[in-house]
Structure formats: C-alpha cells, structure tokens
Amino acid sequence: LNAGPFGELSERQRSWIDGVGLYRTEFIFLARSRFPTEDEQESEYRTELATYAPMPVVMRTLDIGGDKSLPYFSIAEENPFLGWRGIRMLLDEKEMLHSQLRSILKCTQDYPDRIRILVPMVTNIEEIHLLKEELSIVKSELIKEGFTQVQDVPLGIMVEVPAVAVMADKFAKEVDFFSIGTNDLTQYTLAVDRTNDQVGRLFEHDHPAIWKLVQQIQLAAQNEDIEVSVCGELASTLLGASGLIGLGIRNLSMKPSAILSVKKWI
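Just so it is clear, the model here is predicted, and its values are computed rather than measured.

1. Observations regarding the overall build of the protein
Moving on, step 1. Tallying secondary structure elements over the protein gives twelve helices and eight strands in all.
Moving on, step 2. For a compact globule of 266 residues, the expected C-alpha radius of gyration is about 18 Å, and the protein comes in at 18 Å, within 12% of that figure.
Moving on, step 3. In terms of principal-axis extent, the alpha carbons of the protein reach across some 50 × 45 × 40 Å.
Moving on, step 4. Among the 266 residues that make up the protein, the fraction classed as buried is 50%.
Moving on, step 5. When the accessible surface of the protein is split by element, carbon and sulfur atoms take 50% of a total near 12,500 Å².
Moving on, step 6. Separation of charge centres in the protein, based on 27 positive and 39 negative side chains, amounts to 5 Å.

2. Some points on the nonpolar core
Moving on, step 1. Membership of the largest hydrophobic core comes to 75 residues, with the highest contact counts inside it found for Phe178, Ile180 and Ile217.
Moving on, step 2. The residues touching Ile217, leaving out its near neighbours within four places in the chain, are Val159, Ala165, Ala168, Phe178, Ile180, Leu185 and Val228.
Moving on, step 3. Grouped together as the second largest cluster of nonpolar side chains are six residues, Leu22, Val58, Phe177 and Cys231 included.

3. Some thoughts on the layout of surface pockets
Moving on, step 1. Looking at the largest pocket, its volume works out to about 640 Å³.
Moving on, step 2. In terms of lining, the largest pocket is formed by 26 residues, of which the most central are Asp18, Arg250, Asn251, Leu252 and Ser253.
Moving on, step 3. Put simply, the parts of the chain that give the lining of the largest pocket at least two residues each are β2 (20-24), β6 (177-180), β7 (227-230), β8 (251-252) and α12 (256-265).
Moving on, step 4. Here the residues of the lining of the largest pocket are counted per class, giving 16 nonpolar, five polar and five charged.

4. What to know about the packing of aromatic side chains
In this description, an aromatic ring pair is defined by two values, namely the gap between the centres and the angle between the planes.
Moving on, step 1. Within the structure shown, the criterion is met by five aromatic pairs.
Moving on, step 2. Judged by centre distance (6.2 Å) and plane angle (90°), the ring pair of Tyr23 and Tyr45 falls under edge-to-face. One end of the pair, Tyr23, is in strand β2; the other, Tyr45, is in helix α3 (residues 38-51), and 22 residues separate them in sequence. As far as burial versus exposure is concerned, Tyr23 and Tyr45 are alike and both buried.
Moving on, step 3. On the basis of an interplanar angle of 85° and a centroid distance of 5.0 Å, the ring pair of Phe35 and Tyr72 is categorised as edge-to-face. A residue pair is termed long-range when its members are at least 10 positions apart, and Phe35 in the loop between α2 (26-30) and α3 and Tyr72 in the loop between β3 (57-60) and α4 (87-92) qualify at 37 residues.

5. Comments concerning unusual backbone geometry
Comment: phi is negative for the bulk of residues other than glycine, and the bulk of peptide bonds are trans.
Moving on, step 1. The peptide bond linking Ala53 to Pro54 adopts the cis configuration, its omega dihedral lying at 0°.
Moving on, step 2. You can see Pro54 is positioned in the loop between α3 and β3.
Moving on, step 3. The phi dihedral of Asp113 falls on the positive side, at around 65°, and the residue is not glycine.
Moving on, step 4. With respect to the helices and strands, Asp113 occurs in the loop between α5 (94-107) and β4 (115-119).
Moving on, step 5. Its identity as a non-glycine residue notwithstanding, Ala191 has a phi of 55°, on the positive side.
Moving on, step 6. Assignment of secondary structure puts Ala191 in the loop between α9 (182-190) and α10 (208-224).

Here is what the cut-offs are and how they apply
- Residues numbered from 1 in each chain as written.
- Predicted model: local features only at pLDDT ≥ 70, side-chain atom pairs only at ≥ 80, totals over all residues.
- Heavy atoms only, no water.
- Helix = DSSP H or I, 4+ residues; strand = E, 2+ residues; numbered from the N terminus.
- Rg over C-alpha atoms; globule rule 2.2 N^0.38 Å.
- Buried < 20%, exposed > 50% of the residue type's maximum accessible area, 1.4 Å probe, protein only.
- Areas by Shrake-Rupley, 256 points an atom, 1.4 Å probe, with all protein chains shown as cover.
- Lys, Arg positive; Asp, Glu negative; His and termini not counted.
- Charge placed at Lys NZ, Arg CZ, Asp CG, Glu CD.
- Core = buried A, V, L, I, M, F, W, Y, C linked by side-chain atoms within 4.5 Å.
- Contact = heavy atoms within 4.5 Å.
- 1 Å grid on protein atoms, 1.4 Å probe; cavity = no way out; pocket = protein on both sides within 12 Å on 5 of 7 lines; lining within 4 Å.
- Points joined across faces, edges and corners; volume = space filled by probe spheres on them.
- Nonpolar A, V, L, I, M, F, W, Y, C, P; charged D, E, K, R; others polar.
- Phe/Tyr/Trp six-rings, centres within 6.5 Å; stacked < 30°, edge-to-face > 60°.

And the structure:
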C-alpha cells in the first residue's frame, strides 16, 4: 500500500495487503500551518502502525519539493524538481531531520521489527553515509534520555535518480533495501516534466529505457541479497505489474484503488 491522504482502509481492504510499502510522512506536514512537533509526528506514526498491525510499515522521510510545497516553508526555485528536496534538504536542516528520526525511532520500542526508513532523492553514496551518522547520533541521544529499547531500523533509498539506477550495484552495498520510484525515475530519465500537459504524451512509464533500468536495479539488489520494491505508478497497472514480476520483483506498493485489480490479475 502507498499510504497517504486517502483515509483509513476498511478491514476488508486491509486484508488485501501485506504491509505499507510507502508511508508518505510529508502529509503530516502538509496538513498543518506550521511544522509538526516531535510528539505530533510520533502520534501520527503510532496511529499508522496500530492501524496496520502487525504488518511492516516503510516510512519515507520528508519529501518536500517538486510538486509538493509547504506554505510555511516556501523555497523559491526555478526548477524545484531538480532542486533542494528530499535528503538534500534534510541533511541541511538537521533540526528537522533529527525531529523526524527521533519520533520514528521512539516508536520502535512499542512496535519492534515493523518499521523501515526510506530516504528520497538520494544522488550519491556520501548522502547515505551522512544519514547513517545522523541516525547514530539520534539513537545515542535517545538512549541517554532513557529510551533504552529503541531499535536499529533497516535503511533504504528511493531509486528515482538515473545516476543511482546506473550505479545500483554500488548503492546496493550501502543500504538494506531499494524502493524504485518509477514516477520520478521516468521523469528524470526521459527529461519530461510529469506535471506539464504539453509534453505529457512523452511521459511513458513503460518506455524501454525504464524497463532496462528497473532490470539493472533488480539484478544489483539480487546480487547483494537486498529487497527491492516498486512504489511508482508502474506497479499500479496490470501490464506494469506483469513486467515487474517477470523481472523478479515481488514487492509492489500502490494506491488503494489499484490493489484489488492488481491482486486479482496476479
């Protein structure tokens, strides 16, 4: 499931899924007129974890930029899709990053072995190293404060920048899992703004170049024995799901409205 502002699924709908493959934490920020406090974030995460218990939940760190902006944290950029977003922003805004990491790690005390952290817009391996350092700092601080049961959590990256897809064999040695964001990967690979109707006809999720990159990513993950999932729109289509399964990918995450049709198709 790609979880976001869709409302809680019914019990019957929850029976169709095996977990939350993408929890978009930015919607906690978008729903407010100010930055959510650490306690507010923790409360939201606990609600998500309780709702989908005992299934795993992949929590993507704040992904603001591109087509999503905060009115109380506006950034003037000529090309926001290529700008200060995802991990690029969080590594600069340490207070914001630490607040989110603290609230996630505190949840691991009561929901052990169910949380994964997913990082968007990674471009180079140094960003992964820097994030691991920040995670270690935050965990040490929490333990000193008395949160002695906080767990280490699996760390994954969104593969949405072509440079990461091309060098997937190197990145696979640094993380615990991949999540392929086919929307941005397609946009950046084909040089097509996915929000621009004038060039919309050129935006092809199933372009041969995209399939080649997905295959390369899957092989790199397989060689390093790490999991790979797809959370972009490609996984929501019957043809896309068929192709992804054919390439050996077994974890597909999608919007709620697509789950039943894809599951029946599979």
